[in-house]
Amino acid sequence: FSFYSVSLFILLAGVTSYISFENSNEVNFSIGYILKKIKVIFVPYIVATIIYSIYREGRFDFQTILNHLIYFNANGPLYYVSLYIQLLCISPILYQIIKALNNSNFALLKNILFLIIIIIFSKILTKYTNILDIYGGGGKLLGGTFLNLYYIGMLITSKKIHVTRKKEFIKS
């Protein structure tokens, strides 16, 4: 169940990420923008890690808490945070690529080709990267093969939004 729930979560994260960029009408690649997005996730992660660490150890042990914070291992599912933060960092780039491909000739063909590139790239990342031995996709650069699902979520949403806007334009 864990594999399917994580996969669904990543796919939906791609969907909501694309919608968020569309609604904001602003794609920002600045470090400040990315840090602001990460802070929204990282602050609750820190609190959860502290609570889990104190509960498991039965006491406040700063070194243990720091270790859990770095390795995302205070509780099993917390490795998702590492995975999601990495995807947040790449999302503005993926959004811009999808927008550029959708506004070009042969958009569908180009999107399929880029998806193939993403699949190959993510397989390489899964096989040849390791981040602090963090469990699962959180321990692979850009989530490893979870990058595929994130991109597919963004791509499907872009097509749905594009078709909806085209219909609205035709009606008006």
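The structure this text deals with has already been given above.
Quick notes on the rules
- Residues numbered from 1 in each chain as written.
- Predicted model: local features only at pLDDT ≥ 70, side-chain atom pairs only at ≥ 80, totals over all residues.
- Heavy atoms only, no water.
- Buried < 20%, exposed > 50% of the residue type's maximum accessible area, 1.4 Å probe, protein only.
- Helix = DSSP H or I, 4+ residues; strand = E, 2+ residues; numbered from the N terminus.
- Arc of directions from axis to C-beta.
- Contact = heavy atoms within 4.5 Å.
- Polar contact = N/O pair within 3.5 Å; in protein donor to acceptor, adjacent residues only side chain to side chain.

1. Side note on helix α3 (residues 62-71)
Along an α-helix, a turn takes 3.6 residues, which lines up residues three or four apart on a common side. Turning to α3, its buried residues number three or more, namely Thr64, Ile65, His68 and Leu69. All buried residues of α3 lie within an arc of 135° about the axis, which places them on one face of the element. With respect to the buried face of α3, the exposed residues turned more than 90 degrees away are Phe62 and Gln63. For α3, the elements touching its buried residues are α2 (31-57). Near the N-terminus of α3, the side chain that reaches the backbone nitrogen of Gln63, with its oxygen 3.3 Å away, is that of Asp61. Among the residues trailing α3, Phe72 stands out with phi positive, at a value near 50°.

2. Some points on unusual backbone geometry
Phi angles above zero are rare outside glycine, and Phe72 is one such case at about 50°. Within the secondary structure, Phe72 is located in the loop between α3 and α4 (79-102). Within the chain, Leu142 stands out as a residue other than glycine whose phi angle is a positive 55°. Assignment of secondary structure puts Leu142 in the loop between α5 (107-128) and α6 (146-171). Given a relative accessible area of 15%, Leu142 falls into the buried group.

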